[in-house]
Amino acid sequence: MTSRRNFLKTTSLTTFGFALGVSSFAKDAVLKKISPAIISLEINPFIIIDTAGNITLVNPRPDMGQGSTQAVPSLLAEELEVSLEKVKIVQSDGKGKYGDQTSGGSSSVRALWQPIRKAGAAAREMLIQTAAKRWNVSVSECFAQDGKILLRGSDKSFTYGELADDASKLEIPQNPKLKDPKDFKILGKYNKRLDVPERVTGKAAYGIDAEVPGMVYASIVHSPMLHGKIASIDDADTKKVAGVLQVVRTERTMPHRKSEAVAVIATNWWAALKGKKALKVQWDNGDYEKTLSSEKYFTELYEAAKKEGINYEEKGDFAAKYASSKQKIESNYETPFLSHAPIEPVNAVVHVKDDGTIEIWAPVQGPDWTMRDVCAYMNVKPEQVKINVTLLGGAFGRKAYHDFLLEACHLSKELKKPVKVIWTREDDMTQGPYRPGMLSHMQGFVENNKITGFHHHAIGESIVGQVFKGLKDDEADPWLTGEISTENSNYHFSTASKISWTNVKTDIPVVWWRSVYASNFGWGQECFIDELAHLAGKDPLQARLEILSDARFKKVLETLAEKANWSEKLPVGQGKGLAVFKSFDSISAACITVSKKESGVKIEKVVSVIDCGYYVNPDNVKAQTEGNIVMGLTAAIKDGITFTNGVCDQTNFHQFNLMRINETPKMEIHIIDSGANPGGVGEPGLPPIAPALGNAIFAATGKRIRKLPFDISNIA
Amino acid sequence: MAVFNLTVNNKKVKVDVEPDMPLLWVIRDFAGLKGTKFGCGMAMCGACTVHLNGQPIRSCQTPISTVAKNAKITTIEGIGDGQLHAIQQAWIEEQVPQCGYCQSGQIMSAVALLKTTPNPTDEDIDSAMSGNLCRCGTYDRIRKAIHKAAGNAKSSASLGGK
């Protein structure tokens, strides 16, 4: 168990000033004082100011490249009136006292904007009260600045360290006054990320870099057809490989099912990998050769498109209105399975110790979810588990799915020593989980040159259903709320509209991938709105503005039109396309310009606009949006994941190509300062990219693309 | 097993490993330099890029037995000569990295580019850098940072590095 003493030790604090706990669950954060006398493990020490003036923040959001190690301390530093480099960060360890700790759903700033600021403001007020008492003046005569409380009109000051001990004895103000945004010095301003130097010098330590004494390495042979049973193992050649220690049966535990596997254990990972290549495992694959097929799956999706789905929402009698409408269209939009393919393959070091405690070093998106999964799998209590979250070499959703880590747990328990599991790229690509392949069956009609009827039938495997076993057969996927619901899209169809759903199940494992379903259904929604605009004889921008009522959506589109020079006359063979999508509380729109080139098109430029409300660092908003442009284009024009005869057809980057620098177009990002509550930044830029490209290609060539991915050099 | 005497970042390193072990794993697990990364194991992603006698190579596809005895190996830890290389400075100025995992490889490719082409065009950059994948999508900043480093180097008259 972590005692306060140990906690302080691990955070390198030798003296104790005062600590504030803040629950990130609550919308209105509850602040608790942790005084030395009553310290209890149930109290969450988020923020500690010691008598030397050191400020430590327990950061509840792992950094996978999205910038949480800057964003979260910025919230504190702003209210506490200290510079960013004064805040030392300790990554949270998954214990319940730190609340929600998963980097996902573009939630870090959205969730912590208020609670961390409130904690910082409360600490500031307590320090001011303490100083005022010492000077025997009113608090209004004192102010915080740069780690000190100063007395107005004098040269007197106390450092936070000098005040910390006495401040810790005060009642915590429950409604401290937050700074007015116009007074922000850090939030909303450009600041360099302090973690960048270590990321350009090779010093940053990722999961794959973790080493502990006595550790052995494992490379794992997974079932090629994902769920096959082991028929036989011939490890004679494996055991001849220098460095190989043993070959053991193990298992891959996904949230919804388990697979059999074989691990090669060695003194170094190269030897383990060589041993793996020499291992001959015969598999009993049952029917998977026939059933595990992406073609079969998509055939089922297209069959489902011919039938009624389960209604998620309906306004008016869509079917009747559609049947009687004179100007209508219908089409299907397809998106493939995709691999997350973070450049750091999944890996973990786990030590199941003799006393039954477990220590973990791993690149995971959420130590809280890791704790939940490890406790359930290993049948232990949280106090028996210590999780050291490392930096993540990319994740995009993959590293919140803990099959790889549970493999290391299983092996360490079996071998009674620390085990480091590293998946190969081939494991990563052929085993999944993947973004699900999806189909959008679209119907719509226009009346008097206006889009007035719209139906989006979302079809495919449900993440909620497969991962959480949380979807009833007669239920529409609840995650559609934040995706294609008319509440989210903000589109108003005056005659009738419908959002429906059909769950087509698959044995291919699926999970959230950057922007989740929005990356699938944004394609159907935004290309089809373009088709309807064309049917109505309207400019795609005007057609959208007519059916949007929300001022923020309109502002985003109008800003995009201005920045991308939407109305300019283009030379023959060029075209522009746009799309807008709201996800994770942010509205993003993109305009892409393409020009015809031989039998295909070239992407000339991408202009992206985002309204994410209040944000921490404009440069990071831009960086994330740039990343979303690249990942969104990659998803549109590079490779999908397919399964044929039971096995994944793509094994490495030669078959699952990612966009490279020579293919990356010019890009421009514009942020709208709406002053709205913070929205997400890590994902919302992605959903409009593929449809903006599809719409641009239609504008340039007259060719409507409805299936992703496609070959941009051959728009036949 | 066989003994290999290497020069990594101007330091002598002696390792006793299998001759077919890729240089990547020798550097990471035997020389203890973790800045060079594993990404694909088939020279498709460039995360493992190091310099062999100044030339960028994919260390995941370079068996240690093929590395000549007197060869000079330079990794991300060795390019700055005790300070930041102009490329690393530009990477910081442009705030290039997101997760940063691929950036050691990106930087090694960029350092090699500037050595042969001190004033690269966009096309030069595309051609020299297209072997390095970045899943976070930092390519636009990589381009800007290389131009910046080239400009900075011109004004300070040195590219640093070896």
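On a predicted model such as this, the values are computed, not experimentally measured, just so you know.

Observations concerning the overall build of chain A
On a plain count of helices and strands, chain A comes out with 20 helices and 28 strands. Its C-alpha atoms give chain A a radius of gyration of 27 Å, near enough to 27 Å, the size a compact globule of 716 residues would have. Structurally, chain A occupies a C-alpha span of about 80 × 75 × 45 Å along its principal axes. The buried share among the 716 residues of chain A stands at 59%. Put simply, of all contacts in chain A between residues at least 6 apart along the chain, 78% involve residues at least 24 apart.

A word on the overall build of chain B
Broken down by element type, chain B carries five helices and five strands. The linear arrangement of helices and strands in chain B, starting from the amino end, is β-β-α-β-β-β-α-α-α-α. Its C-alpha radius of gyration of 15 Å places chain B within 12% of the 15 Å reference for a compact globule of 162 residues. Dimensions of chain B along its principal axes, counting C-alpha atoms only, are 45 × 30 × 25 Å. A burial count over chain B gives 57% of its 162 residues as buried. The long-range fraction of contacts in chain B, counting pairs at least 24 apart against all pairs at least 6 apart in sequence, stands at 61%.

Description of the sheet that holds strand β25 (residues 600-611) of chain A
Residues and elements named next belong to chain A. Strand order in this open sheet of four strands is β23-β24-β25-β28, and the pairing throughout is mixed. Among the strands making up the open sheet, the edge pair consists of β23 (574-583) and β28 (666-671). Between one strand axis and the next, the sheet turns through 15° on average, direction left out of account. The sheet contact formed by strand β24 (residues 586-597) and β25 spans eleven bridges and is antiparallel. Looking at the pairing, Ile587 lines up with Asp611 of β25. Relative to the sheet, helix α19 (residues 618-637) contacts β25 and β28, its axis offset from that of β28 by approximately 135°.

Some words on the packing of α19(A) against helix α20 (residues 689-701) of chain A
Residues and elements named next belong to chain A. Running from N to C, α19 and α20 point in directions that differ by 60°, and their axes come no closer than 8 Å. Accordingly, the angle class assigned to the pair α19 and α20 is oblique. For the crossing formed where α19 meets α20, the hand is right-handed. Residues Asn628, Ile629, Gly632, Leu633, Ala635 and Ala636 of α19 form the contact with α20, whose participating residues are Ile689, Ala690 and Leu693. A breakdown of the residues in the contact of α19 with α20 according to their chemical character gives seven nonpolar, two polar and no charged.

A few points about the interface of chain A and chain B
At the junction of the two partners, chain A supplies 44 residues and chain B supplies 45 residues. Counting residues per element, the ones that place at least two in the side of chain A that touches chain B are α5 (196-200), α7 (269-278) and α19 of chain A. Top contributing element to the side of chain A that touches chain B by residue count: α19(A), with seven residues.

Examining the UniProt feature "domain: Aldehyde oxidase/xanthine dehydrogenase a/b hammerhead" (unreviewed entry) in chain A
Within this numbering scheme, the UniProt entry marks residues 201-287 of chain A as carrying the feature "domain: Aldehyde oxidase/xanthine dehydrogenase a/b hammerhead" (unreviewed entry). Between the first and last C-alpha atoms of residues 201-287 of chain A the distance is 50 Å; the span itself is 16% helix and 43% strand.

A word on the environment of Ala623(A)
By secondary structure assignment, the location of Ala623(A) is in helix α19. Here Ala623(A) falls in the buried class, since 27 other C-beta atoms lie within 10 Å of it. Placed 242 residues apart in sequence, Ala623(A) and Lys381(A) show a C-alpha to C-alpha distance of 40 Å. Not counting the four nearest positions on each side in its chain, Ala623(A) is found in contact with Gln95(B) and Gln98(B).

Quick word on the confidence of the model for chain B
All names here are of chain B. Looking at chain B as a whole, its pLDDT mean stands at 94, while 94% of the residues score no less than 70. Note that residues 157-162 has pLDDT below 50 and, in this model, 14 contacts with residues that lie over four places away or in other chains. Interface confidence in the predicted complex, given as ipTM, is 0.95; pTM for the same model is 0.95.

Structural notes on the packing of helix α2 (residues 68-80) of chain A against helix α3 (residues 108-135) of chain A
All names here are of chain A. Two numbers describe how α2 lies on α3: the axes approach to 7 Å, and their chain directions differ by 30°. The way α2 lies across α3 gives a crossing that is right-handed. Across the interface between the two elements, Ser68, Ala71, Val72, Leu75, Leu76, Glu78, Glu79 and Leu80 from α2 touch Ser108, Val109, Leu112, Trp113, Ile116, Arg117, Ala119, Gly120, Ala121, Ala123 and Arg124 from α3. A breakdown of the residues in the contact of α2 with α3 according to their chemical character gives twelve nonpolar, three polar and four charged.

Overview of the nonpolar core
All names here are of chain A. If you look at the biggest cluster of nonpolar residues, it comprises 263 residues, and the most contacted ones within it are Leu127, Ala218, Val350, Leu405, Leu560, Ala590 and Leu693. Sorting elements by how many residues they give to this core places α3 first, with 13 residues. Each residue touching Ala218, except ones within four places of it in the same chain, is listed here: Ala263, Val264, Ile265, Ala272, Leu411, Val419, Lys420 and Val421.

Description of unusual backbone geometry
All names here are of chain A. With an omega of 5°, the peptide bond running from Gly432 to Pro433 counts as cis. Within the element layout of this structure, Pro433 appears in the loop between α13 (425-431) and β20 (438-447). Residue Pro709 is bonded to the preceding Leu708 through a cis peptide linkage, with omega at -10°. Positive phi outside glycine occurs at Asp146, with the angle close to 50°.

Regarding α7(A)
Each full turn of the α-helix corresponds to 3.6 residues, which orients residues three or four apart in the same direction. Of all ten residues that make up α7(A), eight are buried, and the element is covered over most of its length. Residues of α7(A) that are buried make contact with β9 (216-222), α6 (236-239), β11 (244-253), β12 (258-266) and β19 (419-422) of chain A together with α1 (23-30) of chain B.

Focus on the environment of Val594(A)
All names here are of chain A. Tracing the chain through its elements places Val594 in strand β24. On the neighbour-count criterion, Val594 (28 C-beta atoms within 10 Å) is buried. With 412 residues separating them in the primary sequence, Val594 and Lys182 have C-alpha atoms 40 Å apart.

Things to note about the sheet that holds strand β3 (residues 49-52) of chain B
One key point about sheets: their strands pair by backbone hydrogen bonds, in either a parallel or an antiparallel sense. Residue and element names in this part refer to chain B. The sheet built from five strands is open, its strands ordered β2-β1-β5-β3-β4 with mixed pairing. Each edge of the open sheet carries a strand with a single partner, namely β2 (11-17) and β4 (55-58). With direction set aside, neighbouring strand axes in the sheet form an average angle of 40°. Here β3 pairs with β4 via four bridges, running antiparallel. Paired with His51 across the two strands is Pro56, which belongs to β4. With respect to the sheet, helix α3 (residues 103-116) is in contact with β3 and β4, its orientation differing from that of β3 by roughly 40°.

What to know about the pairing of β25(A)
Residues and elements named next belong to chain A. What sits between β24 and β25 in their antiparallel hairpin is a turn of two residues, with Glu598 showing a positive phi close to 50°. Bridge analysis of β25 against β28 gives six bridges, and the strand direction is parallel. The residue of β28 that forms the bridge with Val609 is His670.

Concerning helix α11 (residues 367-378) of chain A
Residue and element names in this part refer to chain A. Across its twelve residues, α11 extends 16 Å between first and last C-alpha, which sits within 8% of the 16 Å expected from 1.5 Å per residue. Buried within α11 are the following residues: Pro367, Asp368, Thr370, Met371, Asp373 and Val374. Contacts made by the buried residues of α11 are with β17 (358-362), β18 (385-389) and α12 (403-415). Backbone geometry just downstream of α11 places Asn379 in the positive-phi region, at approximately 55°.

Cut-offs and rules
- Residues numbered from 1 in each chain as written.
- Chains lettered and ligands numbered in written order.
- Predicted model: local features only at pLDDT ≥ 70, side-chain atom pairs only at ≥ 80, totals over all residues.
- Helix = DSSP H or I, 4+ residues; strand = E, 2+ residues; numbered from the N terminus.
- Rg over C-alpha atoms; globule rule 2.2 N^0.38 Å.
- Buried ≥ 20, exposed ≤ 12 C-beta atoms within 10 Å, placed from the backbone.
- Contact = placed C-beta atoms within 7 Å.
- Pairing = 2+ DSSP bridges.
- Axes fitted to C-alpha atoms, helices over the stretch in contact; angles between N-to-C directions.
- Parallel < 35°, antiparallel > 145°, perpendicular 65-115°, else oblique.
- Left-handed = near helix turned anticlockwise from the far one by under 90°.
- Nonpolar A, V, L, I, M, F, W, Y, C, P; charged D, E, K, R; others polar.
- UniProt positions renumbered as here; feature names shortened; annotations may be inferred.
- pLDDT = per-residue confidence, 0-100.
- Core = buried A, V, L, I, M, F, W, Y, C linked by C-beta atoms within 7 Å.
- Expected span 1.5 Å × (residues − 1).

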